[in-house]
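Here is how the chains run, residue by residue.
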Amino acid sequence: MLDMLAAAGTDAPPAWISYLPIVGMIVIFWFFLFRPQMKRAKEHQVKISGLKRNDKVVTAGGLVGKIVAVDDAYVELELAKGVRVKAVKSTIGDVIAPGNAPAND
């Protein structure tokens, strides 16, 4: 009889405790992967919306040029004297700060 009382006193832990490791992993993924990626995307969107004429930019493909015209979805870049290309605005990777010269000049 004593064995029965001892067995009845040790109940199994609640079912929700078994889900804690999964919830913990989701929280870790959120803070270390998804949240920084969303922050970078938001910063890139702000950078893209601030593009203006005569800004020097680098495209995602690695082309360096000066913005000649800005549209809602496109920018026109001058890569060299007389060489102009039209690029999708979201493919602009970075804006080069004025005064920065290329490394090999």
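Located above this text is the structure these notes cover.
Anyway, here's the lowdown on the structure attached to this text. (Residues numbered from 1 in each chain as written. Predicted model: local features only at pLDDT ≥ 70, side-chain atom pairs only at ≥ 80, totals over all residues. Heavy atoms only, no water.)

**Regarding the nonpolar core**
Our working rule: Nonpolar core, defined: a set of buried Ala, Val, Leu, Ile, Met, Phe, Trp, Tyr and Cys residues in which side-chain atoms within 4.5 Å join the residues together. In this scheme, a residue with accessible area under 20% of its type's maximum is buried, one over 50% is exposed, and one in between is partly exposed, where area comes from a 1.4 Å probe on protein chains only. Note on contacts: a residue pair is in contact if any heavy atoms of the two residues lie within 4.5 Å.
Membership of the largest hydrophobic core is limited to eight residues, which are I48, L51, V57, I67, V75, L77, A87 and I92. In this structure, L77 is in contact with V57, T59, K66, I67, V68, V83, R84, V85, A87 and I92, ignoring residues within four places of it in sequence.

**Some details on the pattern of salt bridges**
Two side chains that carry opposite charge are able to pair once their charged atoms sit near each other. Inclusion rule: When a carboxyl oxygen of Asp or Glu is within 4 Å of a side-chain nitrogen of Lys or Arg, the pair counts as a salt bridge.
Enumeration over the complete set of coordinates arrives at three salt bridges. Residue K52 pairs with D55 through a salt bridge whose shortest N-O separation is 3.3 Å.

**Some thoughts on the environment of V75**
To keep it simple, the criterion reads: Helix and strand definitions here come from DSSP, where helices need a minimum of 4 consecutive H or I residues and strands a minimum of 2 consecutive E residues; each element is numbered from the N-terminal end.
Of note, V75 is situated in strand β3 (residues 74–80). Each C-alpha atom, one on V75 and one on R53, is 9.1 Å from the other, the two residues being 22 residues apart in sequence. Not counting chain neighbours up to four residues away, the residues in contact with V75 comprise L51, A69, V70, V85, K86, A87, K89 and I92.

**Some details on unusual backbone geometry**
Of note in this structure, N54 is not a glycine but carries a positive phi near 75°. One can find N54 in the loop between α2 (20–49) and β1 (56–59).

**Concerning the sheet that holds strand β4 (residues 83–88)**
What counts here: A pair of strands is treated as paired once DSSP finds two or more bridges between them. Axis angles are defined between N-to-C directions and span 0 to 180 degrees, where every axis is a line fitted to C-alpha atoms and, for a helix, only to the segment in contact.
Spatially, β4-β3-β2-β1-β5 is the arrangement adopted by the five strands of the open sheet, whose pairing is antiparallel. The open sheet terminates on both sides in strands that have one partner only, identified here as β4 and β5 (92–96). Here the average twist between neighbouring strands, direction ignored, is 45°. Two elements, β1 and strand β2 (residues 64–70), share three bridges in a ladder whose sense is antiparallel. In the sheet register, V58 faces β2, and the bridge partner there is V64.

**Details of the side chain of T59**
Here T59 shows up in strand β1. Setting aside its immediate chain neighbours within four residues, T59 contacts L77, T91, I92 and G93.

**Description of the pairing of β1**
Alternating positions in β1 separate cleanly, V57 and T59 being buried on one face and K56 and V58 remaining unburied on the opposite face. Counting the residues in the hairpin turn of β1 and β2 gives four residues, including G62, whose phi is positive at 100°. Relative to β5, β1 runs antiparallel, the two being bridged by four bridges. By the bridge assignment for β5, T59 is matched with I92.

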